[in-house]
Amino acid sequence: MTGDEALVLRDVRRCFGRTVALDGASCTVRRGTIHALLGENGAGKTTLMRIAFGLLQPDAGELRLDGVPTTLRSSRDAIARGVGMVHQHFMLVPAMTVAENVALGAHGRYDRDATAARIVAIGRDSGLVLDPAARVADLPVGAQQRLEIIKALAQDARVLLLDEPTAVLSPAESVALLRWLRRYAESGGTVVLITHKLRDACAFADDVTVLRRGRTVLAGRFNDLTEVSVVAALVGDIESPRETPGVGAPGGAGDTAPVLQLDGVDYLDARGVMRLRAATLSVCAGEVLGVIGVEGAGQRELLRILAGRLAPTRGRATRPARVGFIPEDRVHDALIPALSLTENFALAQAGSAHGSLPWTRLRRATEEVVRAFDVRTDSTETPARELSGGNQQKFIVGRERVFGGMALVAENPTRGLDHRATRRVLDEIARSQESRAQAIVLYSSDLDEVLSVATRVVACFNGTVREVPASADPTDRSPYTRALMGAC
Amino acid sequence: MMELLLVPFMEAAVRTATPLAFAALGELVAERSGVINLGLEGAIIAGCLGALVAAGLGGPLLGFVGGLAAGAGITAVFAYFVISLRTDQILAGTAVTMLGLGLTGAIYRGLYGSGGAGLVLSTIAPIAIPGLSAIPLVGPALFRQTVPTYALYLMVPLIAWWLRNTHAGLALRATGEHHEAAEAAGIAPRRVRWGALLFAGALGGLCGATLVLAQVGTFSEGMSAGRGFIAIAIVVLGRWSAFGTALAALGFGAAFALQYLFQALGWSLPYQLFIALPYVLTLALLALLRGRATAPAGLGS
């Protein structure tokens, strides 16, 4: 029944130079449903959705909207036909207000009051409330994402394409967003959800399409599929989960000297807000200190002080000369997109090394990282920007492991990574714990991830840092969730 | 006595500021779209010659049209290189400035011979606005000027309003801040920048036309005298706002006009000092304001 199909992509092919990004990718999205688009890093999910939004043109294949074969020359065409997209990296102008961002792309006179009224009306109808006069740069990430959806709704989008929308959200925010999408679909809207989180997809989506290496390998309704079959389609072959030591495992503090140490550290940000107060902690080699906290609780500053990227306002931070650091926003903070992998590799020690660059040795070391961390790339001379997000992250993790020396600080290192890559990163962290080679600090917005590798856990709440005592029952999560809310 | 000195000084300040403000407003629009138009100096000198030739053929009105067209024309070369061929903005801008300076000199010599002023026009006369020009001190300075100055008075609030209150203005600013976001919103950043640059070129041409038709009455090689680069500094000092830019332009006009005031006072300082003053002022103010400006985030990319 074609009248039921809001968006159909059939046998889409798209190449970038010699790289085939999509070949035989198909996806049929029924109106009024949430459709999960799953696949590993670099499987072509984002490329396929960029085609559906008119930002890319397919080399071959068919696109149908509401059953009508359509050619989209630009995003303007897609918007005119009721398609809206929420990009993984937000497409907002930080220097502008909420209202100005919503009004972007229209014609004629820009009426501030009318736009503000529209935003208020959308807020009333959808529950997505934002202050139209607020500057986007001042909004937290969750609110920026709301704005992206409001933008699409203001353009009367009937099909919403969301690329990894929960990657940047706290668990509570993620659930709220997914519930909202559910209601939106029930009221007749159509949603395509690109996600890595299989659990979210199972819980909230009606249908699923799985891409692997640019090709659709599974499509159907969740009701007709088992979780195992979806995972099998995702990863091709299934590895058994690794046994990780987990919290409370032996071999923690005490028998080695602390590598990282904070003593009564306060941090005031540029606006004079106290982000961290009286933080005291120490991490020894062989320990994995798990950090948990909701957005803005102080973990961002805590990690940067430990990594030597920020200086404490008061108090003392002791750390080795070089600390490996995996920042959350890899594109901005960890890589120079235009430089090759080898050059990016060399950059990690650019501040301390002198003289000419030993290219042969660097290239060999880069090749080693590419192989050991399964970075998918043509060569080590490929510019970093040509790698998919997940492969960029794997490269950064590998590089920081090599250069980190005695200490490694990781901030959401599995953000945007697929199952296999996530496991790989966590395994690497667990392995260095076993070999007692490094002191590791790991923050993740996924509590399970932290608990699976950390030997101790501290919780950030409102700028304070407190150790969470290990519970007698390892399956009991309540001490951690309580600590996240600020209770002891 | 004071009034006798101040009135001509202020009049000269506004007169000198007018062409600078035109060029700077054009540059403002270009920069808000994300392009630094270093070819502005070339557009100004092209506007000078275009205005002279056209006015020689058909009077001052055609002269202004010629100036606008010449400025927009040479800036179209810059736009083609920067937007369509994606060459470096600094390189392309410098090349277009050199092209403008060289080409106008060659054309002028070809048309009117190489000896001295080949074509001298009478400059357009100031028009006193009845009533307003009678206000003491500021009256004559602001309201006994030529038509281009009055056009400027309209243009400044109009550009400010357009940037803030039209979707086209919003699209322009979004392109300058974050062109991917603009594109995702259905805006065509290249088209926006083409429009912005043609406008900037036309205003650069208007700057040149005003110099020739309202102030000098003839053409000389290199008569733009760095105004394009001063205009770029004016945009920075004006914090990328239309009113700020106009105000900064007035400040530079005053710096130029100081030489008349000092001459009238009979101070016998070397005239080179006064000529250098606006340029020294540019450097000094840029040093003072460093790091405090709020440039469009995508400028130059």
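Residues numbered from 1 in each chain as written. Chains lettered and ligands numbered in written order. Predicted model: local features only at pLDDT ≥ 70, side-chain atom pairs only at ≥ 80, totals over all residues.

Asks: Can you lay out the overall build of chain A for me, pointing to particular residues and giving the numbers?
Replies: When helices and strands are counted, chain A shows 16 helices and 19 strands. In chain A, which comprises 488 residues, the proportion classed as buried is 47%. In chain A, the proportion of contacts linking residues at least 24 apart, taken out of those at least 6 apart, comes to 69%. (Helix = DSSP H or I, 4+ residues; strand = E, 2+ residues; numbered from the N terminus. Buried ≥ 20, exposed ≤ 12 C-beta atoms within 10 Å, placed from the backbone. Contact = placed C-beta atoms within 7 Å.)

Asks: Break down the packing of helix H6 (residues 167-177) of chain B against helix H8 (residues 189-216) of chain B for me, with residues and values.
Replies: Residues and elements named next belong to chain B. It is at 10 Å that the axes of H6 and H8 come closest, and there the two elements cross at 105°. Considering the angle they form, H6 stands roughly perpendicular to H8. Taken together, the residues of H8 that come into contact with H6 (itself represented by Ala 171, Leu 172 and Thr 175) are Pro 189, Val 192, Arg 193 and Ala 196. Class assignment of the residues belonging to the contact of H6 with H8 gives a composition of five nonpolar, one polar and one charged. (Axes fitted to C-alpha atoms, helices over the stretch in contact; angles between N-to-C directions. Parallel < 35°, antiparallel > 145°, perpendicular 65-115°, else oblique. Nonpolar A, V, L, I, M, F, W, Y, C, P; charged D, E, K, R; others polar.)

Asks: Provide a residue-level description of the nonpolar core, including the pertinent values.
Replies: Residues Leu 193 of chain A together with Ile 234 of chain B are the most contacted members of the largest nonpolar core, which totals 159 residues. No other element matches the 21 residues that helix H2 (residues 40-84) of chain B contributes to this core. In this structure, Leu 193 of chain A is in contact with Ile 34, His 35, Ala 36, Leu 37, Leu 162, Leu 181, Ala 201 and Ala 205 of chain A, ignoring residues within four places of it in sequence. Residues Ala 307, Ala 346, Leu 417 and Ala 439 of chain A belong to the second largest nonpolar core, which totals 64 residues. (Core = buried A, V, L, I, M, F, W, Y, C linked by C-beta atoms within 7 Å.)

Asks: Mind laying out the confidence of the model for chain B, listing which residues take part and the relevant values?
Replies: For chain B, the mean per-residue pLDDT works out to 89, and 96% of the residues sit at or above 70. Interface confidence for the predicted complex, given as ipTM, is 0.73, next to a pTM of 0.68. (pLDDT = per-residue confidence, 0-100.)

Asks: Could you give an account of the pairing of strand E16 (residues 407-411) of chain A, naming the residues involved and the relevant values?
Replies: Residue and element names in this part refer to chain A. Counting buried residues along E16, five of its five residues qualify, which places the element largely inside the surrounding structure. Judged by which residues are buried, E16 turns out to be covered on both faces: Ala 407, Val 409 and Glu 411 on one side and Leu 408 and Ala 410 on the other are all buried. Pairing between strand E15 (residues 323-326) and E16: four bridges, direction parallel. Within the sheet, the bridge partner assigned to Val 323 lies in E16 and is Ala 407. Strand direction decides the pairing type here: E16 and strand E17 (residues 439-443), joined by five bridges, are parallel. (Pairing = 2+ DSSP bridges.)

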